[in-house]
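# A look at the structure
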Amino acid sequence: MKKVRRNRQHAKFARLRRHLEITADLLRPRRIRTRSARYAAALAEQLGLIQRPGCCSWCRRRRRLERHHWDYQEPLNVTFLCGDCHDIADSMNNQAITA
Ligand SMILES: [Zn+2]
């Protein structure tokens, strides 16, 4: 691996750690924590820690996939879903909160 590439990789890990820290910091506003959870998942995917499947994890359609967070306290626990399934998953989350 070339030096430049390795440094870039290292910088991404540093940003990932930073965003994971922000996500876990309950003193911060929720919108900041959820934003960092999304950044952390995106970085983890770029670094190969999270694998994006070729199709939606639920309906198996080959469409543009979105990362669904079940719990922003677990920023790297995501499911890759198409837009339709993501809507269903979000409504499940909302029910869990209001139940
Ligand atoms: Zn789907």
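Everything below is about the structure shown above.
Worth saying up front: this structure is predicted, and the values here are computed from it rather than measured.

As a further point, take the overall build of the chain. Assigned secondary structure in the chain consists of three helices and two strands. Each helix and strand of the chain, ordered N terminal to C terminal, gives the series α-α-β-β-α. Considered along the principal axes of its C-alpha atoms, the chain spans approximately 50 × 40 × 15 Å. Counting the 99 residues in the chain, one finds 18% classified as buried. Put simply, 45% of the contacts in the chain that link residues at least 6 apart link residues at least 24 apart.

It helps to recall that an α-helix has 3.6 residues per turn; residues three or four apart then point in one direction. Its 22 residues place the ends of helix 1 (residues 3–24) 32 Å apart at the C-alpha level, agreeing with the 32 Å of an ideal helix rising 1.5 Å per residue. Burial in helix 1 covers these residues: L16, H19 and T23. Axial view of helix 1: buried residues confined to an arc of 70°, hence all on one face. Opposite the buried face of helix 1, by more than 90 degrees, sit the exposed residues K3, R6, N7, H10, A11, A14, R17 and E21. Buried-residue contacts for helix 1 involve helix 2 (30–46).

Counting residues in each nonpolar core, the largest one holds seven residues, listed as L16, A37, A40, A41, L43, A44 and V78. Element by element, the count of residues in this core is highest for helix 2, at five residues. Discounting chain neighbours no more than four positions away, the residues touching A41 are I50, R67, P75, L76 and V78.

Taking 1.5 Å of rise per residue, 17 residues should cover 24 Å, and helix 2 covers 24 Å from first to last C-alpha, within 8% of that figure. Every buried residue of helix 2 is accounted for by S36, A37, A40, A41, L43 and A44. The arc that holds every buried residue of helix 2, seen down its axis, measures 165°, which confines them to one face. Where helix 2 is buried, its residues meet helix 1, strand 1 (66–69) and strand 2 (78–81).

Cut-offs used in this document
Residues numbered from 1 in each chain as written. Predicted model: local features only at pLDDT ≥ 70, side-chain atom pairs only at ≥ 80, totals over all residues. Helix = DSSP H or I, 4+ residues; strand = E, 2+ residues; numbered from the N terminus. Buried ≥ 20, exposed ≤ 12 C-beta atoms within 10 Å, placed from the backbone. Contact = placed C-beta atoms within 7 Å. Expected span 1.5 Å × (residues − 1). Arc of directions from axis to C-beta. Core = buried A, V, L, I, M, F, W, Y, C linked by C-beta atoms within 7 Å.

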